[in-house]
Amino acid sequence: MSSPNIYTRRSFLTQSFKTSLGIALASLTDVPLVVKRALADGTIGLNGKKLLFIWLRGANDGINSLIPAGDSAYGLGIRPSLAVPMDTPAGFYTTPGACFDATQFADAFGTPRAASDATYSYAKAIPTGNGFAALHPSLKFLAPGYNAGHLSLIHRVGYPKQSRSHFDSQNYWENGTPNNNLIKDGIFYRAMVESGLATTNPLTGVTIQSALPLILRGDQAAMTNISNVSRYALLGVPGVAGLDKSENALRGAQDFLFAPKQSRELLKLQYANLLNTLPLFEQIAALMNVNYVDNANTDGDFPYTLFPNSNATNGGYVRPGGGTDATKYVVDTGAYNAAGTGFLQNLKAAALVLNKTDAIIAGTEFGGFDTHSNQGTTSGSHPNLLRRVGWAFYALRKYFLQNADRATWDNLVIVTLSEFGRATIENSDSGTDHAEASVMCVGGGGVRGWNGLGRTGVFGCDSGGSVPWIPGPADQGGGVNGSLFGVGKVYLKRAIDYRSVLGEVLRDHLGATQGQLARIIPGYANPGEKLLSGGTSSVDGVPILGELNLV
Amino acid sequence: MKARHCLLPAVLFAFTALAQPDVPPPLSLTVSNQTKVLRWSPYPHAEAYQLLSATNLAQGFAPDGSGTLAPFAWATTNTRPEQFYRLGVTPLGSNALLAAQALNRLAYGPTPDELERIAVIGPDAWIEEQLAPENLPDTLDAYTTVVTNAVPGDPATNWLRVVATGLATGTSRSNVYVYLSGVGEVYLDDLKLVSGTSPDAGTNLLVNGGFEAPLTPAWSLSPNVAGSTLSTQVSFSGQASLRLSSTAPGSGEGSALKQVVAPVLTNNEVVTLSFYYLPTTNSRLLTVRLGGSGTISSGSDLPQPPAWVYAQATGIATAANTLYLYPSGAGVAYLDEIKLVAGSQAGVGVNLLANGGFETGRSPWQVSADFANSAVVSNVAFAGNACFNIVASGGGSGNGDSIYQTGIPGVVSGNVYTVSYWYVPFTKSRSLTVRLSGSGTAGLLTSTPDAGMPGLRRRLDTRNGQLHHLRAWHLQNAVGARRQLVEVLLQFLENHFVTEHDKSRNYLSAYYTDGTMQDVLSADWEFRENAAWRAALLRTDCTFYDLLKTSAQSPAMIVYLDTVNSRGDARNIANENYARELFELFCLGVDNGYDQFDIVAQSRAWTGWTVDLLPPGQAGDPFAVRSTVYGSNPGNGYNSVSNLVGTWNFRFRSDRHGTNRAPLLSVWSTNSTSTNLIPLGPKLVPARFGPPWAGTPYQLAIPGRTGTNGIQDGYDVLRHLANLPMTMEYLSVKLCRLFVHEDFPNPTTRPELPEYAFYDYTNPNRSAEAELVHQCMLAWWNSNPRGQIRPVLRTIFNSELFRTRAGVSQKVKTPLEFSASVLRALRSTNSDGTFTASTDGYSITGTSRDGSKAPLTRMGNMVLFDRDAPDGYPEVGASWISAGTLAERCRFVQAALMSATDTNKNDGMNTSANGNLTDPVALLKKKLPSASWSNASSVATYFLGILFPAEGMGNLAQYQQAAVAFLNTADNGSTSSPFSLLGTTTAAYDTRVRGMVAMLMTQQRFQEQ
């Protein structure tokens, strides 16, 4: 039991298995044993700061999300059917300033939007104002938050020796240890353990989705996953009459003794979590029925529902006076469902959990980003997914600005995660295959974004800095590969490690100490990885930017 | 008394066969006043505990009767100053342990009946049964059909119309040819050729197209059709039709029935050809076309011969003596030889019905308004000379809305009867219900074969099933099939070679606007994969290559992983999706012997692998072109795919196949790019594999091929990958995770990763897990033909890891395993053929395509046949267990255990009623002597034994106490209400037992397998 690795902590394994893995996992012994440390330092969970994460599963095409408009190589040459068209006003993409706000303007010349305009009628790349990068038009609802200075967009995010397997790469993002599948607990789980509250508070880390993700899994404390807040109760037999009897019998049996087995610690923790958290969600279930709406005329129209749960509440679909106009949807109709478990319903519940309980981290996910075929350019599958991202940030910002209770907008950070990006060059199916670096979005009242005074909210997609974006095709001007051809001529090379982004948020926002951070993200304990300061990674020799001073 | 006087760690082992815990359970002692309490930790799978003591070690230990045994504790007030104590454990017998393991892993959980049977025949014999499923009857999945040509069907309804529109071009554009593809006969009538696109508008340009007059002179006959004659026996309209009789295949001029249209058609004139035809038992593909290059080809699938289906049901009669027949909706069916007999043997004994063979007209059968057009017909019969033709204008429901016979003599309320009949099912998705009158309570004699298992299977077989039908069928098999291991393996394969119904549907939506059609065709792809795997698994020499090939050729896979539009011709860049997952997920495992450049190289082999609507009779020909055979029900226009007849299947398009090849599984130059692969030599099997594999090269060079030969590139890849050491290893690992426990990490060929050393087969100290994988690989490798599945499975089932506590109870059930096991745990066969627990399937998987509101969706989004990510559903418990999913699991159990009339039972499912039916009281009354029915302890003990057979009664003592307390408490949870005082036929008794069983099934231990 002394060998500090994930397998030997577990008591069910046979001696031979343990012995063998003890040898096998010798290289992991520098991974600290989080759970046995003293929980004295840091202010995670004590300072009111909260974190909301959204997992974009399937590998988001970062190149068509945050578009390198200033790179001449981006265009029909590499993406004959997928290149997002550019607008033509002179200097539109190169003039510094605020992000062009297509929720306010109908065209690039500043014509105000009219209520009759279709929501996504502006179908060109949207300049962010950093002189180089542009948003996909489906992300237009990011602009208000960006221009408020509360959003950062980070391009070329990855990790050393990037895996192009969804499942490995998702594991690495979630367990915080690239190229190691044997760490079976998650980066946010460890952050919650470091808070010292994970075994005392019923809610610390919470997801609202079909299953508890690895990022919140661990075997010493239970994080909470709820798939449908409205159904989070027992039935009893027979029905209500026997509910107390059933529930009490269940509670009474939780501490019964059984011989150790592989699954039993997990079951014990999660059953306890179930029975401890059942009462906490009654209020949230009731609030799920509240229709939160924008406090301003959305999109030049009237105030929209922030978390649509039906076609009728989706953007301007139902016009004042009862008319209908499907071109006014803010999200695709797959973003919610009748069962109450769609993305926007889950997002709403996650927001409510952060706002109404002591939970510190909450998150949800949606998939569909594995766009190998018929990806869509300004409409179609990928643009629809991006609409959800853009609207999620808009809706969350408005919700927390208007309804803050235990979580204020200023105390909140929202991050997106996605396991890797997609090839710069499209394939024969009008789709893109697996590649390397992609984009992260970091938003919230505590985020230091664009300030109109020279600071922009875009990182990794500009031609300056220590790891600049290099425009142009390969081998142009003295053998320099353009960034779009950085690896194998079709992959974007990373300039920022996802752990630097999450690390900074965990320390400077949530309140971890640097010592805690080194336990939450083992890479920080290795100065050679340059996660803090930036520089050339000792793992693979690739230069990275380090932390970005995001929060 | 001081602790040192106790022999704390001493444990008496009274068993031999099992691998035992390394450390005996520790004992602790507390002393307060005069009470001594000894406590211990549970010992795995303990059947009983006993306290022994000795005052003098030299005299040995003897059972100590001075104290009382409580769960994991023993208390005594014995005041003797010195005493040595020892804990005795009677472990669960090794056969009982293996039986529980086998029923939990090779099956979807134990059933009461199987627990009894396996105790008799022994677990090894039971496992051997499952390993030879071809010898196991599986009546559940089989339905009886008799294909007979003695039943030609109703001519008026079997005439099929073909309409085709096209251009008349070329010099022979006015020649009309009619011929068959081989030796055979077909009837043809009302052949019309009109100008324009409407078959029914305009003058028929053909002379004698109705074949009412002799064939000459307008028609001329080539020698191969010279035997054709007019038939006045059969016609679509008028008095006659053409009986086209062919002695050799036709093709056009010189080998067909021919007429030259006069005056000749204008060049490029749009014309429409239409006709009716009636196939015979000796039909061949019929073509009617114009000459010239702008031909119109038409014809049709051979229709399915009429199939008589046998159905039977046994049940209990209630008061009234009326038998009702009714379909669920409008349609046509045939019924014959309906018999109602006393007892449970179909057709044995006197038929209580009058005129069940419909040989003497309709009487005494009566029909209500919806069925007024039904009649006895004499041209169709299963037996005798007539049958009953059910013609329904709407659905029926029973009394007042059905076909019925009343006043049946000899029917006694409460007695068991069996009904049986033969019928030709409705062509549409209609079910036929046959039942005795009554209020619809359990046990009533009701036969609805089309709605039940045989109906689902038949619906899927005939390409009429939607996804929710397929899922319901899958679940009914999981719960009820005897070939349980086959069902477990089919789910494993479906999940390993994962595909997504929704993506298929989306693909087909380009061709069909009818959402049901999209659903049906996509479900058919899933079903055909499943059927092919099932057939393979029933062969003794089934290999992994067989299974892999089925997956690769499946339209569902070709669409799912995007080879369907992948092109390698010209400057196109092949789609990498399938190539990547073939390495990563289907064969070698991630990072286990390939790299990105191998993916690029492999992706080119799959270019041109697409799917298409292939013509009738050519569904298995990957070189066939898209069907041009028009169906009889025009859809979106004459040139629409939705108007074509054929089968969607794998098609290889050599025009899209790339020739840019590099040998895959090479060592690649670092100067390689995705567009310029530079191989330096073969990859070698890493050292950790040991003999006979280590160091062997495993590069695959694909020869230059042209044209249709390019299809071989893909098969080369499959054949090569199927038996690579890394593939054997990865598949063995996955099977071990399925059957043993989840902690078999993914193997890798990257030496810097710890998993490399874990699976080092040259290490003499390798773990039992690594050794089991190694043994599986050897079994795979040494089988002949190589790659057989059964030897690998046998290796696992014979392993210590599988058979002992190292494997038993280590896993958490997936939502599918959990829900099926809930039903199975209470499922015993009644003497009347019904069960004490059953499911309609839909109540687990839902009645909608997206599975919304279905328990499997709620318990973790396990939507069968519709996984969006290609890694399949996880085998790891942590992926399934969270507070939210546990709440849903508890709700599922509680709803399933509610009585059928409980208002909460449906729990918001999107089924009309919860079809997860359980009757634990009926079960206990079957299995326990009546003297025990009111004994709370006996009742609790029985259910503990069937719900937790692997645990050992010694470790279930706390559950036992809780169950007894539950039985002795009223529904409010606080008032004492002795179980022994409840009448065993009362609702209170029923509810008490249901609640107690639900309570046990919502416990942690029932989540395990």
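Just so it is clear, the model here is predicted, and its values are computed rather than measured.

Below, the discussion takes up the overall build of chain A. Within chain A, the secondary structure is distributed over 11 helices and 14 strands. At 24 Å, chain A has a C-alpha radius of gyration in line with the 24 Å of a compact globule built from 551 residues. For chain A, the C-alpha atoms occupy an extent of roughly 75 × 65 × 45 Å along the three principal directions. For chain A, with 551 residues in total, the buried portion stands at 64%. Summing over all exposed atoms, chain A offers an accessible surface of approximately 16900 Å²; the carbon and sulfur share of this is 53%.

Moving on to the interface of chain B and chain A. With 100 residues of chain B at the contact, the number on the chain A side is 80 residues. Among the ionic pairs, Arg 231 of chain A bridges to Asp 907 of chain B, the shortest N-O distance being 2.9 Å. Those elements that place two or more of their residues in the side of chain B that touches chain A are helix 12 (577-587), helix 16 (754-758), helix 17 (768-782), helix 23 (883-897), helix 26 (957-967) and helix 27 (987-1001) of chain B. Considering each element in turn, the side of chain B that touches chain A owes the most residues, 11 residues, to helix 23 of chain B.

On the secondary structure map, Asn 389 of chain B appears in strand 24 (residues 387-392). Apart from the residues lying within four places of it in its own chain, the contact partners of Asn 389 of chain B are Val 332, Ala 333, Tyr 334, Ser 374, Ala 375 and Val 377 of chain B.

Moving on, we come to the packing of helix 8 (residues 343-356) of chain A against helix 9 (residues 381-403) of chain A. Residues and elements named next belong to chain A. For the pair helix 8 and helix 9, the least separation of the axes is 11 Å and the interaxial angle reads 30 degrees. As summarised for this structure, helix 8 and helix 9 are arranged roughly parallel, according to the angle between their axes. Note that helix 8 runs across helix 9; the crossing there is right-handed. Packed against helix 8, whose contacting residues are Phe 343, Leu 344, Leu 347, Ala 351, Leu 352, Leu 354 and Asn 355, the element helix 9 presents Arg 388, Trp 391, Ala 392, Leu 396, Tyr 399, Phe 400 and Asn 403 at the interface. Here the contact of helix 8 with helix 9 is composed, by residue class, of 11 nonpolar, 2 polar and 1 charged.

Residue and element names in this part refer to chain B. Overall, antiparallel pairing links the 4 strands, which are arranged 13-16-11-18 in an open sheet. One side of each edge strand has no neighbouring strand; the edge strands of this open sheet are strand 13 (220-221) and strand 18 (286-290). Sheet topology places strand 11 (residues 175-180) next to strand 18; 5 bridges connect them, and they run antiparallel. From the neighbouring strand, Tyr 177 faces strand 18, where its bridge partner is Arg 289.

With that settled, consider the pairing of strand 20 (residues 323-327) of chain B. Residues and elements named next belong to chain B. Across the 5 residues of strand 20, 5 count as buried, placing the element largely inside the fold. In terms of strand pairing, strand 20 meets strand 25 (residues 403-405) through 3 bridges, oriented antiparallel. Within strand 25, the position partnered with Leu 323 by the bridge is Gln 405. When strand 20 meets strand 27 (residues 432-436), the two strands line up antiparallel, connected through 5 bridges. If you follow Leu 325 over to strand 27, its bridge partner there is Val 434.

Okay, the nonpolar core next. Counting residues in each nonpolar core, the largest one holds 184 residues, and the members touching the most others are Leu 582, Trp 648, Phe 739, Phe 797, Phe 943, Leu 1000 and Met 1001 of chain B. Per element, the largest residue contribution to this core is 9 residues, and it comes from helix 15 (residues 725-739) of chain B. Residues contacting Met 1001 of chain B, with those up to four places away along its chain left out, are Phe 818, Val 822, Ala 825, Leu 826, Val 893, Leu 897, Leu 947 and Phe 1006 of chain B. Core analysis: the second largest hydrophobic core is formed by 103 residues, Ile 126, Leu 142 and Val 206 of chain A together with Ala 883 of chain B among them.

A word on the confidence of the model for chain A. Per-residue confidence for chain A gives a mean pLDDT of 90, with 91% of residues at or over 70. Scored below 50 in pLDDT, residues 1-38 of chain A shows 74 contacts in the model against residues more than four places distant or in partner chains.

Moving on: the sheet that holds strand 6 (residues 67-70) of chain B. Residues and elements named next belong to chain B. One open sheet holds the 4 strands; their spatial order is 2-3-7-6, and the pairing between them is antiparallel. Strands with a single pairing partner mark the edges of an open sheet, and in this sheet they are strand 2 (27-32) and strand 6. Neighbour-to-neighbour, the strand axes of this sheet turn through a mean angle of 15 degrees, independent of strand direction.

Turning next to helix 20 (residues 815-825) of chain B. In terms of burial, helix 20 of chain B is largely enclosed, as 11 of its 11 residues are buried. Of the residues making up helix 20 of chain B, those classed as buried are Pro 815, Leu 816, Glu 817, Phe 818, Ser 819, Ala 820, Ser 821, Val 822, Leu 823, Arg 824 and Ala 825 of chain B.

Evaluated as defined, the whole model comprises 63 salt bridges over all chains. Between Arg 231 of chain A and Glu 888 of chain B there is a salt bridge; the shortest N-O distance is 2.7 Å. Here Glu 888 of chain B lies in helix 23 and Arg 231 of chain A lies in the loop between strand 7 (224-226) and helix 5 (243-252), a pairing that spans two chains. The exposure class of Glu 888 of chain B is buried, given its relative accessible area of 5%. The residue Arg 994 of chain B makes a salt bridge to Asp 990 of chain B at a minimum N-O spacing of 2.8 Å. Linking Arg 994 of chain B with Asp 990 of chain B, this pair stays in helix 27, spanning 4 residues, or about one helical turn. Side by side, Arg 994 of chain B and Asp 990 of chain B carry an identical accessibility label, which is buried.

Before going further, it helps to spend a moment on helix 4 (residues 187-194) of chain A. In terms of residue burial, helix 4 of chain A counts as a mostly covered element, since 8 of its 8 residues are buried. Buried residues belonging to helix 4 of chain A abut strand 1 (50-56), helix 3 (166-175), strand 6 (205-208), strand 8 (361-366), helix 10 (498-510) and helix 11 (514-520) of chain A.

Below, the discussion takes up the pairing of strand 15 (residues 241-246) of chain B. Residues and elements named next belong to chain B. Of all 6 residues in strand 15, 5 are buried, a share of seventy percent or more. Where strand 14 (residues 229-231) lies against strand 15, 3 bridges are found, and the strand directions are antiparallel. Directly across from Thr 229, in strand 15, lies its bridge partner Arg 243.

This part covers the environment of Val 551 of chain A. Residues and elements named next belong to chain A. Secondary-structure assignment places Val 551 in the segment after strand 14 (543-544). Taking C-alpha positions, Val 551 is 24 Å from Asp 101, a pair spaced 450 residues apart along the chain. Ignoring any residue separated from it by four or fewer positions in sequence, one finds Val 551 in contact with Val 413, Gly 446, Val 447, Arg 448, Glu 504, Val 505, Asp 508 and His 509.

Cut-offs used in this document
- Residues numbered from 1 in each chain as written.
- Chains lettered and ligands numbered in written order.
- Predicted model: local features only at pLDDT ≥ 70, side-chain atom pairs only at ≥ 80, totals over all residues.
- Heavy atoms only, no water.
- Helix = DSSP H or I, 4+ residues; strand = E, 2+ residues; numbered from the N terminus.
- Rg over C-alpha atoms; globule rule 2.2 N^0.38 Å.
- Buried < 20%, exposed > 50% of the residue type's maximum accessible area, 1.4 Å probe, protein only.
- Areas by Shrake-Rupley, 256 points an atom, 1.4 Å probe, with all protein chains shown as cover.
- Contact = heavy atoms within 4.5 Å.
- Salt bridge = Lys/Arg side-chain N within 4 Å of Asp/Glu carboxyl O.
- Axes fitted to C-alpha atoms, helices over the stretch in contact; angles between N-to-C directions.
- Parallel < 35°, antiparallel > 145°, perpendicular 65-115°, else oblique.
- Left-handed = near helix turned anticlockwise from the far one by under 90°.
- Nonpolar A, V, L, I, M, F, W, Y, C, P; charged D, E, K, R; others polar.
- Pairing = 2+ DSSP bridges.
- Core = buried A, V, L, I, M, F, W, Y, C linked by side-chain atoms within 4.5 Å.
- pLDDT = per-residue confidence, 0-100.

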